[in-house]
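Structural description and commentary
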Amino acid sequence: MKRSILPLFFIILVLTGCGTQTPADTNQTPAEPYTGSRTAGHEAVTAYDSLTAEEITGAVNLKTYFEHASVGRNILNGVQKLIAGGLALKRGTWETWAPVDDDGNPAYYTDGNDSTGYVFDTTTMNETKAGMIKAWFAANNGLFDNACGNPSAADKIDYFRDAVAAYGIGAAADVAIMKFCWIDPDADISGYKAMMSSLQEKYPHLVLVYCTMPLTNSTDSDTVARNTFNNALRMYCSANNLWLFDIADIESHQPDGTAYTDAETGAELEWLDYSHDSGHMNSGDADLRPAKALITLLARIGSSD
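As the structure is a computational prediction, the values presented were derived from the model and not from experiment.

With that settled, consider the packing of helix α6 (residues 153-166) against helix α8 (residues 189-202). Two elements in contact, α6 and α8, have axes whose closest approach is 10 Å; the angle formed by their N-to-C orientations is 5°. Regarding the angle of α6 to α8, the classification is roughly parallel. Taken together, the residues of α8 that come into contact with α6 (itself represented by I157, F160, R161, V164 and A165) are G191, Y192, M195, M196, L199 and K202. Taken together, the residues that form the contact of α6 with α8 break down as 8 nonpolar, 1 polar and 2 charged.

Written out as structure tokens, the structure is:
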């Protein structure tokens, strides 16, 4: 009886690798996790234009909760322009605004690009509001912004703590951001750091983003207080490898990167062309700058380990 040559044939196939399927992604190199500075200042504005498609995807796929007031709304107006230009970011918001006003609140800013309408409400967080926000995150990735108005700086700290911890938004989100405004020069940095630290302990998975205080272009004691707060926060975030959205750095640098400071004190000031009222950002290109930096920051968070 003639011996079959099939077993020998299969042995040859195995040894030579013939007849096997090579995975399509064998030669693809995974994106390197982000290991650079965790501070997004004016350099992050231009960095936006160099983000890869993969990095953008990482940014928009995060569940990001952003608590703010009027300057935050200016930033989000810029984000909405990026969306109109093709940024595939899903947005939800708690507030509705009607016609354009002097602070650049455009008519299209109703409820982001989400189909559900929300009612403007600056009261403290409650079960109904928190429940709707958590439900949005359960159904969507993207950015949910909550305008909490302008109570005192201490109340803003309490509001964010309640929203994230007492009402559980920290369990629903990947990233949580809270900013003061330029009307908060008396903000207690110790209370801010303590609140953020307590939230990090409760939600180890949650990325908490600190924010420097927005500026004005006037020089007075409030300017000194804002600069003192911001410089202390920068040192704290750098020393502890924390994420920082450096709004003040963005506002105090001209488009060519030149810093704008008070000639006598060296204090950072908002570049004159960015604001019509020495505080709020103009709705031209000014609000696009922090918007781009915010997306760059989220892209870095999305690619970090």
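This part takes up the side chain of D262. Within the element layout of this structure, D262 appears in the loop between α10 (247-251) and α11 (288-302). Non-local contacts of D262, meaning those with residues more than four positions away in its chain, are made with T219, A267 and L269.

Further remarks concern empty space enclosed by the protein. Where empty space is left can be seen by rolling a probe of water-molecule size over the atoms. Summed over the entire model, instances satisfying the criterion amount to 1 cavity of 30 Å³ or more. Here the largest cavity is characterised by a volume of approximately 40 Å³. Around the largest cavity sit I250, E251, E270, Y274, M281, A286, R289 and P290, which together line it. When residues of the lining of the largest cavity are traced back to their parent elements, those giving at least two are α10 and α11.

Its identity as a non-glycine residue notwithstanding, N241 has a phi of 55°, on the positive side. Of note, N241 is situated in the loop between α9 (221-240) and β7 (243-245). At S278, a position not held by glycine, the phi torsion is positive, near 65°. Along the chain, the position of S278 falls in the loop between α10 and α11.

With burial as the criterion, each face of strand β5 (residues 175-178) is covered, one bearing V175 and I177 and the other bearing A176 and M178. Examined bridge by bridge, strand β2 (residues 63-68) and β5 share 4 bridges and lie parallel to one another. When the bridges of β5 are listed, T64 appears paired with V175. Two elements, β5 and strand β6 (residues 207-211), share 3 bridges in a ladder whose sense is parallel. Paired with I177 across the strands is V209, a residue of β6. Handedness of the crossover joining β5 and β6 through α8: right-handed.

Residues Y65, F160, Y192, F245 and I295 are the most contacted members of the largest nonpolar core, which totals 77 residues. At 9 residues, the largest contribution of residues to this core is made by α11. Ignoring anything within four residues of it in the chain, the contact list for F160 reads Y65, E67, A176, I177, M178, M195, M196, L199 and L208. In this structure, Y260, W271, Y274 and A286 belong to the second largest nonpolar core, which totals 5 residues.

Let us look at the packing of aromatic side chains. Under the criterion given, the structure shown has 11 aromatic pairs. Taking the centre distance of 5.5 Å and the plane angle of 75° together, the rings of W136 and F137 count as edge-to-face. In this structure W136 comes out as buried when scored by relative accessible area, which is 4%. Looking at F137, the relative accessible area reads 1%, which means it is buried. Ring centres of Y192 and Y210 lie 5.5 Å apart, and the angle between their planes is 70°; on these two criteria the pair is classed as edge-to-face. Within this pair, whereas Y192 is found in helix α8, its partner Y210 is found in strand β6, the two being separated by 18 residues in sequence. Both residues of the pair, Y192 and Y210, belong to the buried class. Taken together, F180, Y192, Y210, F229 and Y236 form an aromatic cluster joined through their ring pairs. In this structure, K193 is placed above the aromatic ring of Y236, and the distance from its NZ or CZ to the ring centre is 4.5 Å.

Criteria and cut-off values
Along each chain, residues carry numbers from 1 onward, in the same order as the chain's sequence is written. Residues qualify for local features only when their pLDDT is at least 70, as the model is predicted, and side-chain atom pairs are given and counted only at 80 or more; totals for whole chains, interfaces and linings, by contrast, use all residues. With hydrogens and water set aside, each side-chain value is computed from the structure's full complement of heavy atoms. Only the stretch in contact is used when a helix axis is fitted, and all axes are lines through C-alpha atoms; the angle between N-to-C directions ranges over 0 to 180 degrees. Where helices and strands are cited, they refer to DSSP runs of H or I of at least four residues and of E of at least two residues respectively, numbered from the N terminus. The scheme is simple: roughly parallel for angles under 35 degrees, roughly antiparallel for over 145, roughly perpendicular for 65 to 115, oblique for anything else. Note on contacts: a residue pair is in contact if any heavy atoms of the two residues lie within 4.5 Å. Following the grouping adopted for this structure description, the nonpolar residues are Ala, Val, Leu, Ile, Met, Phe, Trp, Tyr, Cys and Pro, the charged ones are Asp, Glu, Lys and Arg, and the polar ones are all others, Gly among them. Cavities and pockets are found on a 1 Å grid laid over the protein atoms alone: a cavity is a set of points where a 1.4 Å probe fits but cannot escape, a pocket is an open set with protein on both sides within 12 Å along at least five of seven lines, and a lining residue has an atom within 4 Å of such a point. Grid points are joined across faces, edges and corners, and a volume is the space filled by probe spheres set on the points. Exposure categories follow from relative accessible area, calculated using a 1.4 Å probe and restricted to protein chains: below 20% of the type maximum is buried, above 50% is exposed, and the middle band is partly exposed. Only strands that DSSP links by at least two bridges are regarded as paired with each other. Crossovers are described as right-handed under a simple rule: with the strands pointing away from the observer, the path leading from the first strand over the helix to the second runs clockwise. The set of buried Ala, Val, Leu, Ile, Met, Phe, Trp, Tyr and Cys residues whose side-chain atoms join them within 4.5 Å is what this entry labels a nonpolar core. A pair of aromatic rings is counted whenever rings of Phe, Tyr or Trp (Trp by its six-membered ring) have centres within 6.5 Å, and the orientation is called stacked for planes under 30 degrees apart, edge-to-face for over 60 and tilted otherwise. Two limits define a charge over a ring: the Lys NZ or Arg CZ must be within 6 Å of the ring centre, and within 35 degrees of the ring normal.

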